Amino acid sequence: MKINIKKMNVKSAILTLTALVLTVGCADIELEENPPSLLNPNTFFTTESEFEAAITGAMRPLYAGYEGWDYGYPIILCSGAEDVRSDADIFANLDRLNPNSQELTIAGIWKVLYQSISNVNAIIGNLGNAENISEERLGELEGQAKFIRALDFFFLVRWFGEVQLTTFENQGDVENLPQATVEEIYASIIADLKDAEAKLPDTFEQRGRPTKGAAKALLAKVYLTMTGWPLKDASKYAEARDKAKEVMDMGIYSLEANFNDLWLEANKLTNAEFIFAFYGSIAADGISGSHMHIASRHWGNGEGGWGDFYSEDRFFNAFPDGPRKDATFTSVFADGTSWEDAGVQPHMAKYRDAGDTVNDDGEGFNVVLRYADVLLMYAEAANMAEGGPSQAALDAINEVRQRAGLTPLSSGMSQSDFDGAVIEERNWELAFEANRWFDLVRKEMVIEVNQDLHPNVSENNRLLPKPAAQLIPGILEQNPGY
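Residues numbered from 1 in each chain as written. Predicted model: local features only at pLDDT ≥ 70, side-chain atom pairs only at ≥ 80, totals over all residues. Heavy atoms only, no water.

Novice: It is not clear to me how the pattern of salt bridges should be interpreted in this structure. Could you clarify?
Specialist: Side-chain pairs of opposite charge can arise where the charged atoms are in close proximity. Scanning the entire structure with this criterion turns up 45 salt bridges. Where Arg137 meets Glu48, a salt bridge forms, and the shortest distance between an N and an O atom there is 2.8 Å. Of the two residues, Arg137 is situated in helix H6 (residues 135–160) and Glu48 in helix H2 (residues 48–63); the sequence distance between them amounts to 89 residues. For Arg137, a relative accessible area of 15% corresponds to the buried category. Using a relative accessible area of 34% as the deciding quantity, one classes Glu48 as partly exposed. Across the pair Arg137 and Glu52 runs a salt bridge whose closest N-O atoms are separated by 1.9 Å. Here Arg137, found in helix H6, pairs with Glu52, found in helix H2; they are 85 residues apart in sequence, far enough to count as distant. (Salt bridge = Lys/Arg side-chain N within 4 Å of Asp/Glu carboxyl O. Helix = DSSP H or I, 4+ residues; strand = E, 2+ residues; numbered from the N terminus. Buried < 20%, exposed > 50% of the residue type's maximum accessible area, 1.4 Å probe, protein only.)

Listed below in C-alpha cells is the structure:
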C-alpha cells in the first residue's frame, strides 16, 4: 500500500492548508479554479465559484491522499470489530486491539479530519463576505459546510472521545484550546446538522453533495449513538426514531432491489439507496481515484490486489447464507481457488468493482449513509423508545431481511430480543462500511465479541489513543490506558 504520512500537529496543518480543486463526490463535479489559501487573513471568499471550490476542498482531505476513505482508513480503524481483519504490519495493532499513540493510521485519519474541519471553518467564516449570491444559494453552501464539519467531528468523537472543538475563530490558537467534553462536541454536531437540514435542498444535480436527507440521516445516527456509551441518554431513542422516519417519508430513497447491484460501479450514480457517499474519479489525473478495489483484494491467486485488509473467518462462517452473503464476500478467487484452499481469509466483495481504472486508480465509491441503515436505525430506535417492537419497526427490519433472502421476523418478540436481532442485522447488512465497530462501542459489546480471540481487550479499547504528536499537557490529554 502507498503510504505518504507526514507528522503534522493541528497547528501546523491548519497554517498550511489549501483547498485544492479535485473531482470528488461525483464523476461530473469538476471545478475549474483553485481557491485561495483558506487561512490567509488577507484573502476572502466572495464569489459563488470560490465558495464552490472551497466546498470541494473541504471534502478533498477525506477522500484523497492515502489517509482517507479512498484507501479504506476508516475501515481499518474499525478493525477491532469482527467483520474486518488485517495482518499488515502497520495495521495489525488495531486489529488485535493493541494500538498505540504512534500508529501511522491513527495519525493519518486525525490529520485529514482536522484538515477538512479547518477548510470548512474558513468557508463558514467567510460567508459574510459573499457578493452577488442569493440567500438561498448561500444557505446551501453553508449547509454543505456544516454537514461536513458535523461528519468530521462525529468520527473524531467516536474514535477519540474528548478532542479540540475548533472553529474559524479559535483554530489559530489551538495550543491554548482545551479539549471539549463529549457532551459539548455532540451539541456542536447537532447544531450544525439542524442548520444544514434547514438549508440544504432535497437533491443536487450532482451526486456526492450533502443533502437534506443526508443531514436527517446523520442526525438519526448521532441521536442513536448518544443513547449508548458513553452518554447513555435514552431520551435520544425517540429523536432517532423520528428523524429516521422523516428520511423514510421523504419518498426519495429506497432499497436497491438486488443487493449485488448496489455494489456495481455502473449504478453508483443512479441507485436510490445511497444517501451520502464519496465517489472516486480518475478524471483529474488520478488524484481522486478510488483504491478500495485493490487495497481490499487478495494479493495472490490471480487477484492482483494489495491484500491490506479483508474479513475474518469467524464473521464469514456466522454470516447467514443467501444473496447478501454472496455479494458481500469474495470466497473464491480469480483462479478458482477458495479462500480456505488458498490458506487466507475471506475477502471483501463490496469494493471489487471500480469501473474504469488507470494504474491503481479506479471509479469506485465509499458509502457513508444509505437507506438500509436508516431502516435499521428506525427499527432499533422505535423498539427502544416504545417499550417493544411495533408493526412499523418490524416492517422496517423485514424490508432489509427480505432483500437478503431471510425469513421475516414475526410479532411477539420481546424488546430485548428484537433489539438483539436489529444489532445482528446491522452486522450483516452494513459489513465493511465502518459501522459494526461503533455499534459494539455504543452497545458496550467490545469485550464480549473479542475476548476469546483477543484476551488483552479491555474497556479502554472503546476509544483509540490520540496521536502522540498532538498531545498538549493540560490542553489535549491522552485517553485512559494508552
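Don't stop here, the text continues.
Novice: Just checking my understanding: could you explain the nonpolar core for this structure?
Specialist: Generally speaking, nonpolar side chains in soluble globular proteins are found buried as a group. Ranked by size, the top nonpolar core spans 125 residues in total, and within it Phe147, Trp159 and Ile189 carry the most contacts. When residues of this core are assigned to their parent elements, the largest contribution, 13 residues, is made by H6. Beyond its immediate sequence surroundings of up to four residues, Ile189 is in contact with Ala150, Phe153, Phe154, Val157 and Val222. Counting nine residues, the second-largest nonpolar core is a separate cluster that includes Leu262, Phe274, Tyr279 and Phe365. (Core = buried A, V, L, I, M, F, W, Y, C linked by side-chain atoms within 4.5 Å. Contact = heavy atoms within 4.5 Å.)

Novice: Can you walk me through the packing of H2 against H6 in this structure?
Specialist: Helix packing geometry: the angle between the two helix axes and the distance between the axes. Relative to each other, H2 and H6 sit at 15°, their axes nearing to 11 Å. When the axes of H2 and H6 are compared, the pair comes out roughly parallel. Classified by chirality, the crossing of H6 by H2 is left-handed. Contact residues: Glu48, Phe51, Glu52, Ile55, Ala58, Met59 and Leu62 in H2; Arg137, Leu141, Gln144, Ala145, Ile148 and Asp152 in H6. Residue composition of the contact of H2 with H6, by class: eight nonpolar, one polar and four charged. (Axes fitted to C-alpha atoms, helices over the stretch in contact; angles between N-to-C directions. Parallel < 35°, antiparallel > 145°, perpendicular 65-115°, else oblique. Left-handed = near helix turned anticlockwise from the far one by under 90°. Nonpolar A, V, L, I, M, F, W, Y, C, P; charged D, E, K, R; others polar.)

Novice: I would appreciate a short explanation of unusual backbone geometry in the present structure.
Specialist: Glycine aside, residues mostly have negative phi angles, and peptide bonds mostly take the trans form. Note the cis peptide between Trp229 and Pro230, where omega equals 5°. Counting through the fold element by element, Pro230 comes out in the loop between helix H8 (212–226) and helix H9 (236–249). The phi torsion at Leu97 lies on the positive side, around 60°, for a residue other than glycine. Following the sequence through the fold, Leu97 ends up in the loop between helix H4 (92–95) and helix H5 (104–125).

Novice: Where do I start with the packing of aromatic side chains in this structure?
Specialist: Working definition: an aromatic ring pair is given by the centre-to-centre distance plus the angle between the planes. For the structure on display, the rule yields 28 aromatic pairs. Ring centres of Phe315 and Phe319 lie 5.7 Å apart, and the angle between their planes is 80°; on these two criteria the pair is classed as edge-to-face. In this pair, the class of Phe315 matches that of Phe319, namely buried. The ring centre of Phe438 lies 3.8 Å from the NZ or CZ of Arg158, which sits over that ring. Its end group placed over the ring of Phe316, Lys325 keeps NZ or CZ at 4.1 Å from the ring centre. (Phe/Tyr/Trp six-rings, centres within 6.5 Å; stacked < 30°, edge-to-face > 60°. Lys NZ or Arg CZ within 6 Å of the ring centre and 35° of its normal.)

Novice: Is there a simple way to think about the environment of Phe365 in this case?
Specialist: Within the secondary structure layout, Phe365 lies in strand E6 (residues 365–370). Look at Phe365 and you get buried, because its relative accessible area is 3%. In the structure, Phe365 is positioned 85 residues away from Gly280 in sequence and 5.5 Å away in space, judged by C-alpha atoms. Setting aside chain neighbours within four positions, we find Phe365 in contact with Tyr63, Leu262, Trp263, Leu264, Glu265, Lys268, Phe274, Phe278, Tyr279, Gly280, Ser290 and Tyr351.

Novice: How should I be thinking about the pairing of E6 in this particular structure?
Specialist: Walk down a regular strand and you will see the side chains alternate between the two sheet faces. Along E6, six of the six residues are buried, which leaves the element largely enclosed by surrounding structure. Sheet analysis places strand E1 (residues 274–279) next to E6, joined by five bridges and oriented antiparallel. Its bridge partner being in E6, Phe274 is matched across the sheet by Arg370. (Pairing = 2+ DSSP bridges.)

Novice: Where do I start with the confidence of the model for the protein chain in this structure?
Specialist: Atom-level detail of predicted coordinates should not be read off regions where pLDDT is low. The share of residues in the protein chain with pLDDT of 70 or more is 90%, and the mean pLDDT across the chain is 90. The secondary structure element of the protein chain with the lowest average pLDDT is helix H1 (residues 10–16), at 35, and the one with the highest is helix H14 (residues 371–386), at 99. (pLDDT = per-residue confidence, 0-100.)

Novice: Looking at this structure, I do not really get the packing of H14 against helix H15 (residues 391–403). What am I missing?
Specialist: Contact geometry of H14 with H15 gives a least axis separation of 8 Å together with a crossing angle of 145°. Our pair here, H14 against H15, has a crossing hand that is left-handed. For the pair H14 and H15, the contacting residues are Tyr371, Ala372, Leu375, Leu376, Tyr378, Ala379 and Ala382 in the first and Ala392, Ala393, Ala396, Ile397, Glu399, Val400 and Arg403 in the second. Of the residues that constitute the contact of H14 with H15, the class distribution is 12 nonpolar, no polar and two charged.

Novice: Can you help me understand H14 in this one?
Specialist: Working note: α-helix, 3.6 residues per turn, so residues spaced by three or four point in the same direction. Over its 16 residues, H14 runs 22 Å from end to end, which matches the ideal 22 Å to within 8%, given 1.5 Å per residue. Most of H14 sits inside the fold, with 13 of its 16 residues counted as buried. The first or second residue beyond H14 is Gly387, which carries a positive phi of 80°. (Expected span 1.5 Å × (residues − 1).)

Novice: So what exactly am I meant to see when it comes to the side chain of Ser338 here?
Specialist: Mapped onto the fold, Ser338 is located in the loop between strand E2 (329–330) and helix H13 (339–342). Here Ser338 falls in the buried class, since its relative accessible area comes to 18%. Residues in contact with Ser338, not counting those within four places in the same chain, are Ser331, Val332 and Phe333.

Novice: Is there a simple way to think about H15 in this case?
Specialist: Here H15 is 13 residues long and its end C-alpha atoms lie 18 Å apart, about the 18 Å a rise of 1.5 Å per residue gives. For H15, the full list of buried residues reads Ala393, Leu394, Ala396, Ile397, Asn398, Val400, Arg401 and Arg403. If you follow the buried residues of H15, they end up packed against helix H12 (323–328), E6, H14 and helix H16 (415–429). Backbone geometry just after H15 places Gly405 at a positive phi near 80°.

Novice: What should I look at first to understand the environment of Ile294 in this one?
Specialist: Tracing the chain through its elements places Ile294 in helix H10 (residues 292–295). With 58 residues separating them in the primary sequence, Ile294 and Arg352 have C-alpha atoms 7.5 Å apart. Once residues lying within four places of it in the same chain are set aside, the contact partners of Ile294 are Gly304, Gly305, Trp306, Gly307 and Asp360.

Novice: It is not clear to me how the environment of Glu312 should be interpreted in this structure. Could you clarify?
Specialist: Relative to the assigned elements, Glu312 resides in the loop between H10 and helix H11 (313–318). Separated by 36 residues in sequence, Glu312 and Met348 place their C-alpha atoms 9.9 Å apart. When sequence neighbours within four positions are dropped, the list of residues in contact with Glu312 reads Ala81, Glu82, Asp83, Val84, Arg85, Asp95, Gln345, Pro346 and Leu453.

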